[in-house]
Amino acid sequence: MPRLPHQFDALDPAIRAEVVYHQAADGWPLQGILHLPPKKDPDVAVLAMHPRVDFSAHYLVPPLVGAGYAFMGSTTRNLGNDADALHERLLLDVAGSMTWLRRRGFRKIVLVGNSGGGSLFAFYLQQAAKPPAERLASAPSGDRVALAGVEMPPGDGFCLLAAHLGEGMFLLDRLDPSVVDEGNPTAVEPRLDMYDPRNGYRPMSEGASRYSPDFLAEFRAAQRARCARLDRLALDACEEAAWFRAKLEGAPPAERQRLSRHALQRRYLLIYRTLADPRYLDPTLDPSERPLGSIFSFGRDPIAGNYGEGLARAMSARGWLSTWSGLASNAALERTLPGVRVPTQVICPMADTDIYPTDCRRAFAASAAEDKSYHELVGADHYLRSAGAAGAQLVEPRRRVADEIILPWLRARWPV
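Residues numbered from 1 in each chain as written. Predicted model: local features only at pLDDT ≥ 70, side-chain atom pairs only at ≥ 80, totals over all residues. Heavy atoms only, no water.

J.: Lay out the overall build of the protein with the relevant residues and their values.
T.: Per the secondary structure count, the protein includes 12 helices and 10 strands. Over its C-alpha trace the protein gives a radius of gyration of 22 Å, about what one expects of a compact globule, namely 22 Å for 416 residues. C-alpha extents for the protein along the principal axes are approximately 65 × 65 × 45 Å. Out of the 416 residues in the protein, the part that is buried amounts to 56%. Counted over contacts in the protein with a minimum sequence separation of 6, partners at least 24 positions apart contribute 75%. With the model as given, the accessible surface of the protein reaches about 17,100 Å², and the carbon-plus-sulfur share is 54%. Within the protein, one finds 49 positive and 49 negative side-chain charges whose respective centroids are separated by 4 Å. (Helix = DSSP H or I, 4+ residues; strand = E, 2+ residues; numbered from the N terminus. Rg over C-alpha atoms; globule rule 2.2 N^0.38 Å. Buried < 20%, exposed > 50% of the residue type's maximum accessible area, 1.4 Å probe, protein only. Contact = heavy atoms within 4.5 Å. Areas by Shrake-Rupley, 256 points an atom, 1.4 Å probe, with all protein chains shown as cover. Lys, Arg positive; Asp, Glu negative; His and termini not counted. Charge placed at Lys NZ, Arg CZ, Asp CG, Glu CD.)

Next comes the structure, spelled out in C-alpha cells:
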C-alpha cells in the first residue's frame with residue numbers, strides 16, 4: 001500500500017503505539033493511534049485530526065514522540081467521505097478525543113491543526129471557550145447540534161500548520177465562476193473563464209499565465225455570486241424538508257406516510273468545476289516560492305482537475321452549507337480565531353501551491369492569542385516536502401519544522 005503524503009516514512013521501533021477505540025461526545029464510534037515515548041508516559045499530548053483524513057500516522061509523530069511528547073491522531077465520523085459532513089457535529093468528535101485524552105491522564109493537550117484540521121480545531125476551541133448556553137445549537141442548514149449539552153474540554157495550545165482559512169473559504173477562491181448552468185459541466189461564460197487564452201491563460205506546460213486586475217476583480221465577485229446561488233439551492237432543499245417535518249406533527253395517519261417521505265428526503269448537489277484559482281497559474285498573484293499548479297491536479301494543468309475530479313463534487317445540501325460554502329460555513333478561521341486565546345503559532349510553507357502566505361498572515365492577524373508567533377518555512381510544499389528553488393538546498397522541511405519551530409515552542413510552554 002503506498003504511503004500517503006501526510007504520513008511518516010519510518011518510526012523508531014522503541015516508540016510505543018496503542019490503538020484507541022473511543023467515542024465522540026454523542027457516542028459515535030471513533031478510533032485513533034496514540035504514540036508514546038519508549039520508556040515513560042508524558043503528561044503532555046499532541047492531538048491531530050482532519051475532517052476526512054486519517055492523521056494516525058502523521059509525519060510529526062516521529063520527531064515529537066522522539067522528543068518525549070505523546071501524539072494521538074484520531075479519525076472523525078466522516079473519514080474518507082465528507083459528502084454529508086456537518087462541521088458542528090465534527091466538534092463532537094474532537095470533544096470525544098479530548099475527553100479520552102484527559103481521562104487517560106494527560107494534563108496538557110496541544111492541538112496541531114494541519115491543513116483542514118486547522119479550521120476544525122479553531123472552530124472547536126472557539127465553541128469550547130463559550131459558556132454551554134452560548135454555543136451553537138444548529139448547523140447552517142438548521143440541523144440541531146447538541147453542543148450545549150456535552151463536555152468540551154479546552155485545549156492548552158494551538159499550532160496552525162499549512163492551514164487554510166476554512167474549507168469553505170478555500171473553495172470560495174476556487175469555484176469556477178464561468179459556470180452558467182449547474183446541470184451542465186461544460187457550459188462556459190467566456191468572459192469569466194480563467195482557462196480562456198483571451199483572459200490571459202497559457203497551458204501550464206507553456207509557462208505562466210497572466211490575468212489583468214479588471215479580470216480578477218470580476219472573477220472574484222462572480223465566484224461569490226455562484227457560491228450564493230449554490231447556498232440558496234441548498235437552503236431551499238433543507239427548508240423544504242424542515243417544512244414537511246413540521247407538518248408531520250399532528251398529521252392524520254392517512255397523511256403521515258406521504259409527509260414522512262418528504263421529511264426524510266436529503267437532497268444532494270452535484271457541484272462541477274471547483275479548481276479555478278488564477279493563483280495556480282499566475283505566480284505574480286500572492287507571490288511565494290510555489291511552482292505552478294495545484295496538489296489537486298496531481299502534476300497536471302489545473303484545468304484537468306477543474307473539469308475532472310475536482311473538490312466537493314457531490315455534497316448533501318446540509319453538508320455543503322456547513323463544510324464547503326465559503327459564505328455559510330461556521331468553520332472559518334477569521335470567524336473563529338477571535339475567540340481562541342490559547343498560545344498559538346502559525347506556520348506557513350512557502351512553496352505550498354494551495355495555501356499562500358497571504359492566507360497564513362490573515363490567520364495570524366485574526367488570532368486573539370496574546371502569546372502568538374508566525375513562521376514561514378522556506379523550501380517546503382503543503383506536505384512539508386522539499387520544493388521550490390530553495391528546497392533542494394535546505395535540510396528536509398519536516399525535520400526543520402519540528403526541530404526549529406514546533407519543539408522549541410512546546411518545550412518553552414509545556415516541557416516533558
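J.: Quick rundown of helix α8 (residues 317-324)? Include the residues and the values.
T.: Helical geometry: 3.6 residues make up each α-helical turn, so side chains three or four residues apart lie on a common side. Counted residue by residue, α8 has eight buried out of eight residues, so it is predominantly covered. Every buried residue belonging to α8 is among Ala317, Arg318, Gly319, Trp320, Leu321, Ser322, Thr323 and Trp324, and all of these are buried. Contact partners of the buried residues in α8: α2 (87-104), α4 (167-172), α5 (213-248), β7 (268-270) and β8 (314-316).

J.: How would you explain the sheet that holds strand β2 (residues 29-36) if you had to name every residue and give the values?
T.: Spatial ordering of the open sheet is given by β1-β2-β4-β3-β5-β6-β9-β10, a layout of eight strands whose pairing is mixed. Among the strands making up the open sheet, the edge pair consists of β1 (16-23) and β10 (372-377). Strand-to-strand twist across the sheet, computed as the mean angle between neighbouring axes with direction ignored, equals 20°. In the sheet, strand β3 (residues 44-48) pairs with strand β5 (residues 108-114) via five bridges, with the strands oriented parallel. Across the sheet, Ala48 pairs through a bridge with Val112, a residue of β5. Running at roughly 170° to β10, helix α10 (residues 357-366) makes contact with β6 (157-161), β9 (344-349) and β10 of the sheet. (Pairing = 2+ DSSP bridges. Axes fitted to C-alpha atoms, helices over the stretch in contact; angles between N-to-C directions.)

J.: I'd like a description of the state of the cysteines, backed by residues and values.
T.: Counted according to the given criterion, the structure contains zero disulfides. This cysteine, Cys227, is not joined by any disulfide, and Cys238 carries the nearest cysteine sulfur, 14 Å off. Since its relative accessible area comes to 1%, Cys227 is described here as buried. Cys360 provides the cysteine sulfur closest to Cys348, a residue in no disulfide bond, and the two sulfurs are 3.2 Å apart. (Disulfide = S-S within 2.5 Å.)

J.: Before we move on, can you summarise the side chain of Thr75 with the specific residues and values?
T.: Its location among the elements puts Thr75 in the loop between β4 (70-74) and α2. With a relative accessible area of 6%, Thr75 lands in the buried category.

J.: Let's hear about the nonpolar core: which residues, and what values?
T.: Ranked by size, the top nonpolar core spans 49 residues in total, and within it Leu47, Tyr124, Phe158 and Leu337 carry the most contacts. Residues in contact with Leu47, not counting those within four places in the same chain, are Met72, Ser74, Ser97, Met98, Leu101, Ile109, Val110, Leu111, Val112 and Phe121. (Core = buried A, V, L, I, M, F, W, Y, C linked by side-chain atoms within 4.5 Å.)

J.: Give a detailed account of the pattern of salt bridges, specifying residues and quantitative values.
T.: Note on pairing: side chains with opposite charge can pair once their charged atoms come close. Inspection of the entire model under this criterion finds 34 salt bridges. For Arg198, the salt bridge is made with Asp196, and the minimal N-O distance between the two is 2.7 Å. Classification of Asp196 as buried rests on a relative accessible area of 9%. With its nearest N and O atoms 3.0 Å apart, the salt bridge here joins Arg385 to Asp381. For Asp381, a relative accessible area of 13% puts it in the buried group. Several salt bridges share partner residues, and in doing so they unite Asp173, Arg174, Arg220, Asp277, Arg279 and Asp286 into one network. (Salt bridge = Lys/Arg side-chain N within 4 Å of Asp/Glu carboxyl O.)

J.: Residue-level account of the layout of surface pockets, with values.
T.: One water molecule sets the probe size; rolling that probe over the atoms shows where empty space is left. The volume enclosed by the largest pocket comes to roughly 850 Å³. In terms of lining, the largest pocket is formed by 36 residues, of which the most central are Arg52, Val53, Ile295, Phe296 and Tyr383. The class makeup of the residues in the lining of the largest pocket is 17 nonpolar, 11 polar and eight charged. Elements supplying a minimum of two residues to the lining of the second largest pocket: α5, α6 (253-264) and α8. Considering each element in turn, the lining of the second largest pocket owes the most residues, four residues, to α5. A per-class count over the lining of the second largest pocket returns six nonpolar, two polar and five charged. (1 Å grid on protein atoms, 1.4 Å probe; cavity = no way out; pocket = protein on both sides within 12 Å on 5 of 7 lines; lining within 4 Å. Points joined across faces, edges and corners; volume = space filled by probe spheres on them. Nonpolar A, V, L, I, M, F, W, Y, C, P; charged D, E, K, R; others polar.)

J.: With reference to specific residues and values, describe the packing of aromatic side chains.
T.: Following the criterion strictly, the structure yields seven aromatic pairs and no others. Ring centres 5.9 Å apart and planes at 65° place the aromatic pair Phe170 and Phe296 in the edge-to-face group. Residue Phe170 is found in helix α4, and its partner Phe296 is found in the loop between β7 and α7 (302-307); the two are separated by 126 residues along the sequence. Centre to centre, the rings of Phe364 and Tyr374 are 5.8 Å apart; their planes meet at 50°, and the pair counts as tilted. Of this pair, Phe364 sits in helix α10 while Tyr374 is found in strand β10, placing the two residues 10 residues apart along the sequence. Taking the relative accessible area as the measure of exposure, Phe364 reaches 24% and is therefore partly exposed. Following the ring pairs from residue to residue traces out a cluster consisting of Tyr211, Phe215 and Phe219. Taking the ring centre of Phe170 as reference, the NZ or CZ of Arg174 above it sits at 3.6 Å. (Phe/Tyr/Trp six-rings, centres within 6.5 Å; stacked < 30°, edge-to-face > 60°. Lys NZ or Arg CZ within 6 Å of the ring centre and 35° of its normal.)

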